[in-house]
Amino acid sequence: MPQAVVQMKNITKTFPGTLANDDVSLTLKQGEIHALLGENGAGKSTLMNVLVGLYKQDSGEILINGEVKNFVSPKDAIASGIGMIHQHFKLINAFTVTENVLLGDKGSLFISKKKMQTSVAKLANEFGLDVDVSAYISQISVGEQQRVEILKSLHKNANILILDEPTAVLTPQEADALFETLRDMTNKGCTIVIISHKLDEIVAIADTVTVLQKGRVAGVAKGKDINQSNLSRLMIGDDIVLNTTPQESNIGKTLLDVKNVCARNDKGLQGLCDVSFEIHEGEILGVAGVAGNGQKELGEVLCGLRTATKGSICLSDKDVTKCTVRSKLDSGLAYVPEDRLGTGLIGNMNSIDNSILRSYYTHKGVFIDYKRATSDVIDAIAEYDVLMADPKAPVRLMSGGNMQKLLLSREIALSPKVLVLSYPVRGLDIGAMEKIYSLMLEQREKGCAILFISEDLDALIKFSDRIMVLHGGSVSGIINREDAKIEELGLMMGGNKEGAS
Amino acid sequence: MGWVEVTTGFLSATIAMGTVLLLACIGEILTEKSGVLNLGLEGMMIVGAVFAFIVVQTTGNLVLAIAASLLAGALMGLIHAFITVTLKASQVVSGLALTIFGVGLANFLGQNYVGTVRVASLQAIPIPLLSEIPIIGEALFNQSILVYVSILLVPISWILIYRTRAGLKLRAVGENPSSADSLGINVFATRYIYTLIGGALTGLAGAYLSIGFNSSWMDSITGGQGWIAVALVIFATWNPIKAMLGSYLFGFILILGLRLQAFGIEIPEMLFTMLPYIFTIVVLIFSTGKFGKNSKIKQREPGSLGTPYDREARH
């Protein structure tokens, strides 16, 4: 019987306004891969941030190898052999791999570059982690960056490794390679925690699963109890079945025609490179790709928030490449951005103000017709099942799903010809997800041309008429739904051009 | 006067004027490398200046005066660190407030000293042999101790930042405090230390101004040099060696204005007094906004500059 290396007992942690962890207990056994499963906002990351000393729990205690520990900073957790790989990597882009790994070490006053590099390369070899130790972080791929993070923890002699959503930024093939590495590490005596909301990968790799729901433990599964239906029931209290299915639709004339579009990303580097595609009336074009491969830039270029450095964009035969955002919207474009609170809605304004932001300039005179606006919003709330206590309360108090429904209702109220949806269901529960997808299909039936950016390959294959894969800002290929297979999409996401496989 | 004397005098004054900027600039580089933007340089410099002057007038002791300026600057730095690191308030607002506070305090404390004869001054210490080199020797090697200190600080701070373990930590905190924190580096302590050091060096710059460079105390003695130092940090892309070149360049421009007037050249004096500030504005325009987006300056800027670190902030 392997011993319990970590015991977290009755941990409670609150943030202003939210109870993130409510009386949560968790036991980690030596040499296991323990998955922490739950929807976004279930409290998984918070719990692990408490374990590594980044957050201070309000109550409850932590035992490492049977000893009560009181971590006040990550330094203490490192000393106890706990390392965490955060979802957003904590790497310093301006430093080399070696510098990142050795940062925080004690030792001689001056630094010898060569000695440092050899010692890091040796460690990387030992664990089969393939990285270029002298490269700058900004030069290496996301997969490599993740290996640097693992290396950092190993260098600090971590034997308990926590990975927060490790596969979110990886292609399916890279994820498999990661899992192999992790399995190797447990064979060498490490204990691994994986935080995830992806059922399939947890079923594939975990020895034990703790399911969190709304900050509480919903259940623990082991061995053969780890299967999709069991876990999904624990996670949301229901089996995940997306009932929405697309109808046959009549694909008509071209509404959006994008030709050789290039654009820079936030760092001023090439973010989009020669992207060309067209979307027809009543068609959904899905966009697949590992996060950060040009999806955000594509959405922003289309709606005019980012300038195209090259190429042209035609909206129902009208060249809108150089048009302002307003005139693009007026010619029938609607855009649901990936961060609904920030770009989409204004958190401190209420739902009425947010709804009229899109059309206030069509009101006559200086004053806003609040009577009309209020009744419009109340109608929309009823039509789209938006749950809110008071239309006059700030929208930041609403749940993600309701925010998204409000935002989508605002965008489709003006019957757009082209609808750009950027990660429309990110972080939503299953009910809201269904609603959003059915609204999307409804627009398709009305003849709208839809660009649907998502990270969920199953949903992409299910809803899109064609799927375009982005890698490094260029199009790896566009394939029809009938020909789309996850494995092939995965290869294309990794940069393989269509037909090369 | 022959041209040799004129050139020598000119160079000497340029180095002296540049030293004020250089001390403050190195201090600010160290502070900004830790991710703390300190716009209070003008205030810290003038507070250092007034304390150095008052201590000289009351005790006649120059060492005590220098110590007072270091302490006064460090205390101002401590206020800035407390407000921005511990209380996590806006670095911009705190810096501006400290400038206004510092200038007001110094003018108030110094009002009785305006026009008084200074009891003691920092004397030039000629370095044997080197100071006998024609023109350059006089300008570089026959200066006060603070000039030599400032020149020595250039390689010392460069090595500290780029070649030592402490420097690696400093840069890590400035680039990405949450990474540094997750590796057990104390972000708060690091930011406190370098904000204090920056304040102390700026105070020292003030001391050089009031007990070395100028012959007596006057209201608003710093006259915007703290601001020029802030701009110089950007101009130098956070590199102490370039900071030295920049400081002497700006020192030259400041002196040029004064000297041309003395020679009675018929160019409106306001044009020359404006020159360094126009230069400052040009530097700032090219380092920020549209021009700066892809520039070297943006790449060299510490990643977290201007942002207080909050460990429990949720993203």
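Throughout this description, residue numbers start from 1 for each chain and increase along the sequence as written. A letter from A marks each chain and a number from 1 marks each ligand, given out in the order of writing. The predicted nature of this model means local features are confined to residues of pLDDT at least 70 and side-chain atom pairs, given and counted, to a pLDDT of 80 or more, with totals for whole chains, interfaces and linings taken over all residues. Side-chain metrics in this entry use all non-hydrogen atoms of the structure; hydrogen atoms and water are not considered.

### Brief notes about the overall build of chain B
Here comes step 1: We count a stretch as a helix when DSSP gives it H or I for four or more residues in a row; a strand needs E for two or more, and each element gets its number in order from the N terminus. Helices and strands together make up the secondary structure of chain B, namely 14 helices and two strands.
Here comes step 2: Radius of gyration: C-alpha atoms only; globule rule: 2.2 Å multiplied by the number of residues to the exponent 0.38. For 315 residues, the compact-globule formula gives about 20 Å, and the C-alpha radius of gyration of chain B, at 20 Å, lands near that figure.
Here comes step 3: Oriented by its inertia axes, the alpha-carbon framework of chain B measures out at about 65 × 45 × 40 Å.
Here comes step 4: For the exposure calls, accessible area comes from a 1.4 Å probe over protein chains only, and a residue counts as buried if that area is under 20% of its type's maximum, exposed if over 50%, partly exposed in between. Buried residues in chain B amount to 54% of all 315 residues.
Here comes step 5: Within chain B, contacts between residues at least 6 apart in sequence are counted, and of these 78% link residues at least 24 apart.
Here comes step 6: Every accessible area reported is derived by Shrake-Rupley at a probe size of 1.4 Å, with residue values counting cover from the shown protein chains alone. Counting every atom, chain B has about 13400 Å² of accessible surface; 72% of that belongs to carbon and sulfur.
Here comes step 7: Positive charge is attributed to Lys and Arg, negative charge to Asp and Glu, and no charge count is given to His or to the chain ends. Just so you know, the charge point we use is NZ for Lys, CZ for Arg, CG for Asp and CD for Glu. Side chains of chain B give 17 positive and 14 negative charges; the mean places of these two sets differ by 15 Å. What makes two residues a contact is simply this: any of their non-hydrogen atoms within 4.5 Å.

### Focus on the overall build of chain A
Here comes step 1: Across its full length, chain A holds 16 helices and 20 strands.
Here comes step 2: Over its C-alpha trace chain A gives a radius of gyration of 24 Å, about what one expects of a compact globule, namely 23 Å for 501 residues.
Here comes step 3: Overall, the C-alpha framework of chain A stretches about 70 × 50 × 45 Å when taken along its three principal axes.
Here comes step 4: For chain A, with 501 residues in total, the buried portion stands at 54%.
Here comes step 5: Surface exposure of chain A reaches about 22100 Å², of which carbon and sulfur atoms provide 50%.

### Some thoughts on the interface of chain A and chain B
Here comes step 1: Contact residues are listed per partner, giving 34 residues for chain A and 24 residues for chain B.
Here comes step 2: Computed with a 1.4 Å rolling probe, the buried area is the accessible surface lost when two parts are put together, summed over both parts. Overall, the association of chain A and chain B removes approximately 2500 Å² of surface from exposure, summing both partners, and the carbon and sulfur fraction of that is 59%.
Here comes step 3: When the area that chain A buries against chain B is broken down by residue, the three leading residues are K90(A), L103(A) and I111(A), summing to 21%.
Here comes step 4: Salt bridges are identified by distance alone: a Lys or Arg side-chain nitrogen within 4 Å of an Asp or Glu carboxyl oxygen. At the surface where chain A touches chain B, the tally comes to one salt bridge.
Here comes step 5: Among the salt bridges present, the one from E99(A) reaches R171(B), with a minimum N-O distance of 3.9 Å.
Here comes step 6: Counted as a polar contact is a pair of N or O atoms within 3.5 Å, where, for protein atoms, one must be capable of donating a hydrogen and the other of accepting one, and residues adjacent in sequence contribute only when both atoms are in side chains. Where chain A touches chain B, the interface holds three residue pairs in polar contact (both at pLDDT 80 or more).
Here comes step 7: Elements supplying a minimum of two residues to the side of chain A that touches chain B: β1 (4–15), α2 (74–79) and α3 (97–102) of chain A.
Here comes step 8: Residues belonging to the side of chain A that touches chain B are distributed by class as follows: 14 nonpolar, nine polar and eleven charged. Gly is placed with the polar residues, together with every amino acid not listed as nonpolar (Ala, Val, Leu, Ile, Met, Phe, Trp, Tyr, Cys and Pro) or charged (Asp, Glu, Lys and Arg).

### Considerations on the pattern of salt bridges
Residue and element names in this part refer to chain A.
Here comes step 1: Counted by the stated rule, this structure contains 17 salt bridges over all chains.
Here comes step 2: In this structure, the salt-bridge partner of K152 is E149, at a minimum N-O distance of 3.5 Å. One end of the pair, K152, and the other, E149, are both in helix α5 (residues 142–155), three residues apart, so they sit about a helical turn from each other.
Here comes step 3: Put simply, E411 and R410 hold a salt bridge, and the shortest N to O gap is 3.3 Å.

### Describing the nonpolar core
The nonpolar side chains of a soluble globular protein tend to be buried with one another.
Here comes step 1: Throughout, nonpolar core names a set of buried Ala, Val, Leu, Ile, Met, Phe, Trp, Tyr and Cys residues whose side chains join them through atoms within 4.5 Å. Grouped together as the largest cluster of nonpolar side chains are 73 residues, with contacts concentrated most on I26(B), L30(B), I46(B), Y208(B), I211(B) and W217(B).
Here comes step 2: Within the residue set of this core, elements represented by two or more residues are α1 (3–33), α2 (41–59), α3 (62–86), α4 (91–110), α6 (145–163), α9 (187–213), α10 (225–235) and α11 (240–262) of chain B.
Here comes step 3: The element contributing the most residues to this core is α1(B), with 14 residues.
Here comes step 4: Not counting residues up to four positions away in its chain, the partners in contact with I26(B) are S150(B), L153(B), V154(B), S157(B) and L201(B).
Here comes step 5: Membership of the second largest hydrophobic core comes to 47 residues, among which are I284(A), L407(A), L408(A) and C448(A).

### Section: the sheet that holds strand β2 (residues 18–29) of chain A
Residue and element names in this part refer to chain A.
Here comes step 1: Across the sheet, which stays open at both edges, the four strands sit in the order β2-β1-β4-β5 with antiparallel pairing between neighbours. What marks the edges here is a single partner per strand, and that holds for β2 and β5 (67–69). Neighbouring strand axes in the sheet, compared pairwise and without regard to direction, differ in orientation by 25 degrees on average.
Here comes step 2: Note: β1 against strand β4 (residues 59–64), five bridges, orientation antiparallel. When the sheet's bridge partners are listed, T12 is paired in β4 with S59.
Here comes step 3: Note on method: axes are straight lines fitted to C-alpha atoms, helices fitted across the in-contact stretch only, with angles between N-to-C directions ranging 0 to 180 degrees. Against the sheet, helix α1 (residues 44–51) makes contact with β1, β2 and β4, and its axis sits at roughly 115 degrees relative to β1, the strand it touches most. The rule for pairing is simple: two strands pair if DSSP sees at least two bridges between them.

### A few points about the packing of α2(B) against α3(B)
All names here are of chain B.
Here comes step 1: At a minimum axis distance of 8 Å, the contact between α2 and α3 shows a crossing angle of 150 degrees. As the angle between them shows, α2 and α3 are arranged roughly antiparallel. For the pair α2 and α3, the crossing hand works out as right-handed. Counted together, G43, M44, V47, G48, F51, A52, V55, V56 and T59 of α2 and L62, L64, A65, A68, S69, A72, G73, M76, G77 and H80 of α3 form the full contact between these two elements.
Here comes step 2: Here the contact of α2 with α3 is built from residues that sort into twelve nonpolar, seven polar and no charged. Any angle that falls under 35 degrees is termed roughly parallel, while one over 145 is termed roughly antiparallel, one within 65 to 115 roughly perpendicular, and all others oblique. It is the rotation of the near helix from the far one that decides the hand of a crossing: anticlockwise by less than a right angle makes it left-handed, clockwise makes it right-handed.

### Thoughts on the sheet that holds strand β20 (residues 474–480) of chain A
Residue and element names in this part refer to chain A.
Here comes step 1: Taken in spatial order, the six strands make up an open sheet running β16-β17-β18-β13-β19-β20, and their pairing is mixed. Edge positions in the sheet fall to β16 (333–336) and β20, since each has one partner strand and no second. The average angle at which neighbouring strand axes cross in this sheet is 15 degrees, direction not considered.
Here comes step 2: Relative to strand β18 (residues 449–453), strand β17 (residues 418–422) runs parallel, the two being bridged by five bridges. The partner of L419 across the bridge, within β18, is I450.

### Side note on the confidence of the model for chain B
A low pLDDT score tells you not to read the predicted coordinates there in detail.
Residues and elements named next belong to chain B.
Here comes step 1: On average, residues of chain B score 88 in pLDDT, and 93% of them reach the 70 mark or higher.
Here comes step 2: No element of chain B has a lower mean pLDDT than helix α13 (residues 289–292), at 54, and none a higher one than α3, at 97.
Here comes step 3: Complex prediction metrics read pTM 0.75 and ipTM 0.74. Known as pLDDT, the predictor's per-residue confidence is scaled from 0 to 100.

### Points about the packing of α2(B) against α9(B)
All names here are of chain B.
Here comes step 1: For the pair α2 and α9, the least separation of the axes is 6 Å and the interaxial angle reads 55 degrees. With respect to α9, the axis of α2 lies oblique. Crossing of α2 against α9: the hand is right-handed. Contacts between α2 and α9 involve L41, M44, M45, G48, A49, A52, F53 and V56 from the first element and G199, T202, G203, A205, G206, A207, L209, S210 and I211 from the second.
Here comes step 2: Its residues assigned to classes, the contact of α2 with α9 comprises eleven nonpolar, six polar and no charged.

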